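Read off the chains here:
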Amino acid sequence: MITLTDISKLYQNGAVEVTAIKQISLNIKKGEFVSIMGPSGSGKSTLMNIIGCLDTQDSGSYELDGIQIESLQEKELDRVRNQKIGFIFQSFNLLPKQTILRNVELPMIYGLYSRKERVERAQLLLDKVGLGDRIKNRPNELSGGQRQRVAIARALAMNPSILLADEPTGNLDTASAADIMHLFSQLNEEGTTVILVTHDPQIADYGTRIVLFGDGEIRSDVRKTHDRNVG
Ligand code: ADP
Ligand code: ADP
């Protein structure tokens, strides 16, 4: 589903050129649950931004579901991103003045859903993450773990094939973090490909594959033997 071949990305930091990732090749199959680890500055976010079609590489090729990403125009890239990728962030990134129902409904505004379908789907997704009875609340009336559940429901709105999560448990206590990780595992078992970045080995361990970054390169890539539904 994801084939990265010899991907490099450079950044110009004033007069200094930084190679954020160096000729990375990585193949991720549908149904995998990949944890990406590595020190700060090792290129994890750069890779996630490329996989999520938020940024493009300087060299190498990226194929996503048979689509050659580097050949797309900006508009097509936006469309691929909106259709295929759900993003989850450390800081939840919810709209504070909107109800949680509205937060989950918003990504669907640009889709082909009617208002009624949007509300029904948002309700369904909030039921799925265990917040079906909180639809009228605003984010600040929920705990951190609950807010992240809303963000996950929102990420699922357009039925993405891939969930990309950057430190999704970074702002959560241990119990809420475990809760969120169980939800990711459940979604993964239902067929969604999950790719997450974490500093925490216990969080990474929920993945079925652990990719370790160092200095813009992949240092190790370990699959667990009990991989489910990968194909
Ligand atoms: P983390 O270490 O938690 O992954 P970073 O602070 O490295 O996050 O990066 C957060 C975001 O800021 C990323 O999207 C990255 O592309 C961007 N970024 C990182 N370093 C720089 C920099 N030197 N100049 C501008 N943007 C940067
Ligand atoms: P990580 O997510 O592992 O912390 P990043 O991908 O954010 O690493 O960063 C990798 C390297 O690229 C770092 O040296 C960082 O400072 C640099 N970098 C990342 N994004 C930018 C940017 N937008 N502008 C300049 N330098 C960047």
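Thresholds, definitions, all that
Residues numbered from 1 in each chain as written. Chains lettered and ligands numbered in written order. Predicted model: local features only at pLDDT ≥ 70, side-chain atom pairs only at ≥ 80, totals over all residues. Heavy atoms only, no water. Near = heavy atom within 4 Å. Polar contact = N/O pair within 3.5 Å; in protein donor to acceptor, adjacent residues only side chain to side chain. Areas by Shrake-Rupley, 256 points an atom, 1.4 Å probe, with all protein chains shown as cover. Nonpolar A, V, L, I, M, F, W, Y, C, P; charged D, E, K, R; others polar. Helix = DSSP H or I, 4+ residues; strand = E, 2+ residues; numbered from the N terminus. Buried < 20%, exposed > 50% of the residue type's maximum accessible area, 1.4 Å probe, protein only. Contact = heavy atoms within 4.5 Å. Phe/Tyr/Trp six-rings, centres within 6.5 Å; stacked < 30°, edge-to-face > 60°.

Colleague: Which residues make up the site of ligand 1, and what values go with them?
Modeller: Around ligand 1 sit Asn13, Ser40, Ser45 and Asn49, and that is every residue in its neighbourhood. In the model, an oxygen atom of ligand 1 is placed 3.5 Å from a nitrogen or oxygen of the Ser40 side chain. Asn49 places a polar side-chain atom, nitrogen or oxygen, 3.4 Å from an oxygen atom of ligand 1. Within the complex, 37% of the 560 Å² of free accessible area of ligand 1 lies under protein. The residue makeup of the shell around ligand 1, split by class, is no nonpolar, 4 polar and no charged.

Colleague: Which residues make up the environment of Ser35, and what values go with them?
Modeller: Inspection of the secondary structure assignment puts Ser35 in strand β3 (residues 33-37). By relative accessible area, which is 0% here, Ser35 ends up buried. Those residues in contact with Ser35 that lie beyond four places of it in its chain are Leu196, Ile203, Ala204, Gly207, Arg209, Ile210 and Val211.

Colleague: Tell me about the packing of aromatic side chains, and name the residues and values.
Modeller: Here the structure, examined in full by the defined rule, presents 1 aromatic pair. Relative to Phe89, the ring of Phe87 lies with its centre 6.2 Å away and its plane at 10 degrees, an arrangement referred to as stacked. Judged by its relative accessible area of 19%, Phe87 is buried. The class for Phe89 is partly exposed, based on a relative accessible area of 30%.

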